[in-house]
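Examination of the molecular architecture
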Amino acid sequence: MTRMSRARVARRIAAGAAYGGGGVGLAGAAAVGLVLAEVHLAKRQVGNGGTPYVPTADGLYGHPYTTSGEPPLLLTLLGDSTAAGQGVHRAGQTPGALLASGLAAVAERPVQLRNVALPGAQSDDLERQVGLALADQTRVPDICVIMIGANDVTHRMPPTRSVRCLSTAVRRLRTAGAEVVVGTCPDLGTIEPVQQPLRWLARRASRQLAAAQTIGAVEQGGRTVSLGDLLGPEFAANPRELFGPDNYHPSAEGYATAAMAVLPTVCAALGLWPAEEERPDATRREGFLPVARAAAEAAAEAGTEVAAAMPTGPRGPWALLKRRRRRRVAEEHLDAVESGVEGS
């Protein structure tokens, strides 16, 4: 599927989500049915059907930055097993811990982490999770990171419903005052036991949903980061290294790669990234695009950020597409957490 075709499909899905439609399919109903069967078979092959173990990473990060007069930043993670950190055995290896430590390093301020993600969750669970995140109105999160979508594809949730649930969650969080970053649907075509041609079909369905998620989230005031192939070409090139022991969820190295892709956008959403990097850089193929086209571009390239720009244009709302550079201080602290130097 070309990026222009993906943009058209994503626009139809997002429009259906906004106006109550439900008839737009992901890569065709028959194709998704095959993907569903194959991915469920893959799960059985890798032993992913048991009770999930997820390390508890909630707590305060960045203790050295604690001062008497400044409260910690509040970071909340929502979503599915990827957001929860299923597949690793140490709290410091989860994406929440990695993001909290990296954010503390950039902000030079402690970060309080709370994770309400649920392994196996689909997007319709976000209503419950947002309720948990906003239960205490005196402690609204400064920043929320949502990672969701894979289970929507494998369980054949209508994409319009999936995007509607995500858009509603983003709107509720933004209305409450939280910044929101969405890690869009990962590329199910990278799951190692899934064979061709279903690998291609899984990739197509995943990218269609990721592009539609981007439109829905950005139109509600959130930012998105494409998780793509979780995350970057090294994931497909080194599956033994970047998949966890179950060959389905990421390993510690895979989560660290994901966190390094999401962290710059988290920092930018909080105004912590250098101002000069907020301008689009043509040498990195950044710029302003219609939101549907930006969404399609991002779905095809992991680590790409999309944020709202001009509200109207000749082809509807426009967005800024960014490919952010990582900052050394954040990388160093992510490496430290991954190595177990700093924990929750």
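A brief structural summary. (Residues numbered from 1 in each chain as written. Predicted model: local features only at pLDDT ≥ 70, side-chain atom pairs only at ≥ 80, totals over all residues. Heavy atoms only, no water.)

Looking at the overall build of the protein chain
Test applied: Labels follow the DSSP assignment, with helices taken as runs of H or I lasting at least four residues and strands as runs of E lasting at least two, numbered in each case from the N terminus. Throughout, the Shrake-Rupley method with a 1.4 Å probe supplies accessible areas, and for residues the shown protein chains are the sole cover considered.
Within the protein chain, the regular secondary structure consists of 13 helices and nine strands. Just so you have it, the protein chain exposes about 13700 Å², and 51% of that area is on carbon and sulfur atoms.

As for the sheet that holds strand β8 (residues 305–308)
Rule in force here: Being paired, for any two strands, means DSSP has found at least two bridges between them. Here an angle of 0 to 180 degrees is reported between the N-to-C directions of two axes, which are lines fitted to C-alpha atoms, with helices fitted over the stretch in contact. Whether two residues touch is decided by their heavy atoms; if any such pair falls within 4.5 Å, the residues are in contact.
On the basis of which strands lie adjacent, the open sheet formed by nine strands has the order β1-β3-β2-β4-β5-β6-β8-β9-β7 and mixed pairing. In the strand order of this sheet, the two ends are held by β1 (59–61) and β7 (287–290), each with one partner. Taking each pair of neighbouring strands and ignoring which way they run, the sheet shows an average axis angle of 25°. Of the pairings in the sheet, the one linking strand β6 (residues 223–225) to β8 comprises two bridges and is antiparallel in character. Each bridged residue has a counterpart across the sheet, and for Thr224 the counterpart in β8 is Val306. Here helix α4 (residues 95–107) sits on the sheet and contacts β1, β2 (73–79), β3 (111–115) and β4 (143–147); the angle it forms with β2, its principal contact strand, is near 155°. Of the strands in this sheet, β7, β8 and β9 (318–322) touch helix α12 (residues 291–299), which is tilted by about 110° from β7.

Quick look at α4
Helical geometry note: an α-helix holds 3.6 residues per turn, so side chains three or four residues apart project in the same direction. Just so we agree on the cut-off: What a helix is expected to span follows from its residue count: subtract one and scale by 1.5 Å. Only protein chains enter the calculation, and the probe is 1.4 Å; a residue is then buried if its accessible area is under 20% of its type maximum, exposed if over 50%, and partly exposed in between.
Given a rise of 1.5 Å per residue, 13 residues ought to cover 18 Å, and the 18 Å separating the end C-alpha atoms of α4 matches this to within 8%. Extensive coverage of α4 is indicated by the burial of 12 of its 13 residues. Those residues of α4 that fall on the buried side of the exposure criterion are Pro95, Gly96, Ala97, Leu98, Leu99, Ala100, Ser101, Gly102, Leu103, Ala104, Ala105 and Val106. Once α4 ends, the next one or two residues include Glu108, with phi positive near 50°.

Remarks on the pairing of β4
Counting buried positions along β4 yields five of five residues, so the element is predominantly enclosed. Both β2 and β4 contribute to a ladder of five bridges, which runs parallel. By the bridge assignment for β4, Leu77 is matched with Val145. The sheet contact formed by β4 and strand β5 (residues 179–183) spans five bridges and is parallel.

Thoughts on the packing of helix α5 (residues 126–133) against helix α7 (residues 159–176)
Going by this rule: Orientation categories follow fixed angle ranges, with anything under 35 degrees roughly parallel, anything over 145 roughly antiparallel, 65 to 115 roughly perpendicular, and all other angles oblique. Throughout, a crossing is termed right-handed when the near helix is turned clockwise from the far one, and left-handed when it is turned anticlockwise from it by less than a right angle. Lys, Arg, Asp and Glu make up the charged group, whereas Ala, Val, Leu, Ile, Met, Phe, Trp, Tyr, Cys and Pro make up the nonpolar group; the residues left over, Gly among them, are polar.
One way to put it is that α5 packs onto α7 with a least axis distance of 9 Å and a crossing angle of 15°. The orientation of α5 with respect to α7, classified from their angle, is roughly parallel. You can see that α5 and α7 cross each other, and the crossing is right-handed. Only Cys165, Leu166, Ala169, Arg172 and Leu173 of α7 make contact with α5, whose side of the interface consists of Leu126, Glu127, Val130, Gly131 and Ala133. Class assignment for the residues of the contact of α5 with α7 results in seven nonpolar, one polar and two charged.

Looking at the nonpolar core
Formally: To define a nonpolar core, start from buried Ala, Val, Leu, Ile, Met, Phe, Trp, Tyr and Cys residues and group those joined through side-chain atoms within 4.5 Å.
With 36 residues, the main nonpolar core has Leu75, Leu99, Leu103, Val145, Val181 and Val262 as its most contacted residues. Mapped onto this core, the elements with two or more residues apiece are β2, α3 (81–84), α4, β3, β4 and α11 (252–269). In terms of residues, this core owes the most to one element, α11, which gives 10 residues. Beyond its immediate stretch of four places on either side in the chain, Leu103 contacts Leu73, Val111, Ile143, Leu263, Val266, Cys267, Leu270 and Leu272. If you look at the next biggest cluster of nonpolar residues, it comprises 23 residues, including Leu209, Val218, Ala319 and Leu321.

That's the geometry; what it means functionally is another story.
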